[in-house]
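# Examination of the molecular architecture
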Amino acid sequence: MADESGYVVRGASMMCNYGSNYRRINLPQSHGTYVNEKPMMNEDDQVPIANIPYFGVCNCASNPNTETLYLFNQVGVSVSGKRCCPSFLGKWAITKADALVEGKPALTTKSQLFCMHGGIVSFVDDGQHAE
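Here's what I pulled together on the structure shown here. The model shown is predicted, which means the values in this text are computed figures rather than measured ones. (Residues numbered from 1 in each chain as written. Predicted model: local features only at pLDDT ≥ 70, side-chain atom pairs only at ≥ 80, totals over all residues. Heavy atoms only, no water.)

Counted under the stated rule, the structure contains 1 aromatic pair. An angle of 20 degrees between the planes, with centres 4.9 Å apart, marks the rings of Trp92 and Phe123 as stacked. On the criterion of sequence distance, the pair formed by Trp92 in the loop between β7 (78-83) and β8 (96-101) and Phe123 in strand β11 (residues 120-123) is long-range, its members being 31 residues apart. For the pair Trp92 and Phe123, a shared accessibility class is recorded, and that class is buried. One cation-aromatic arrangement involves Arg23 over Tyr54; the distance from NZ or CZ to the ring centre is 5.1 Å. Over the ring of Tyr54 we find Arg83, and its NZ or CZ is 3.8 Å from the ring centre. (Phe/Tyr/Trp six-rings, centres within 6.5 Å; stacked < 30°, edge-to-face > 60°. Helix = DSSP H or I, 4+ residues; strand = E, 2+ residues; numbered from the N terminus. Buried < 20%, exposed > 50% of the residue type's maximum accessible area, 1.4 Å probe, protein only. Lys NZ or Arg CZ within 6 Å of the ring centre and 35° of its normal.)

A word on the sheet that holds strand β6 (residues 68-72). The antiparallel open sheet is built from 3 strands, whose spatial order is β5-β7-β6. Both edges of this open sheet fall to β5 (57-58) and β6, since each of them pairs with a single strand only. Where β5 lies against β7, 2 bridges are found, and the strand directions are antiparallel. If you follow Cys58 over to β7, its bridge partner there is Lys82. (Pairing = 2+ DSSP bridges.)

A relative accessible area of 3% means that Trp92 is categorised as buried. Put simply, Trp92 and Asn51 are 41 residues apart on the chain and 12 Å apart in space, counted from C-alpha to C-alpha. A polar atom in the side chain of Trp92 sits 2.8 Å from the backbone oxygen of Asp45. (Polar contact = N/O pair within 3.5 Å; in protein donor to acceptor, adjacent residues only side chain to side chain.)

Counting residues in hydrophobic clusters, the biggest one holds 19 residues, and the most contacted among them are Met14, Ile25, Ile52, Trp92, Val121 and Phe123. Taken together, the elements giving at least two residues each to this core come down to β1 (13-16) and β11. Here Val121 is in contact with Met14, Met15, Cys16, Phe55, Phe88, Trp92, Ser111, Gln112 and Leu113, once residues within four sequence places are set aside. Formed by 6 residues, the second largest nonpolar core is a distinct cluster that contains Val35, Met40, Ala99 and Val101. (Core = buried A, V, L, I, M, F, W, Y, C linked by side-chain atoms within 4.5 Å. Contact = heavy atoms within 4.5 Å.)

So, on to unusual backbone geometry. One non-glycine residue, Asn36, lies in the positive phi region at around 50 degrees. Along the chain, Asn36 falls in the loop between β3 (34-35) and β4 (38-39). Residue Ile49 is not a glycine yet carries a positive backbone phi of 75 degrees. Inspection of the secondary structure puts Ile49 in the loop between β4 and β5. Taking the relative accessible area as the measure of exposure, Ile49 reaches 66% and is therefore exposed.

Encoded structure:
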């Protein structure tokens, strides 16, 4: 998780505490608010696939997925197990309510998203300086 709080933009890296791989948050269409010329994200940007892809192999026992996935994790080690199939319990938590992006609270690197399978999604970086 990122140490300092920063506004999250498209392309920020995130992780799930049960997932094997980091992923980048996506924004199919900009909300019209930018920081460092990159589109900012808001609390509604939590749609699986459209905003948040799967996090590789899920290590949560309550994940009902029966599909087995084989891939390499963040450090290049071969892993296998149930495919992560995120199903979020609501919007992002710990948002910046006094900084609105298209009328909704902005995401920061302190924001978290909770999966019904027990996972907690958090940001690794804000994406502002990613290529």
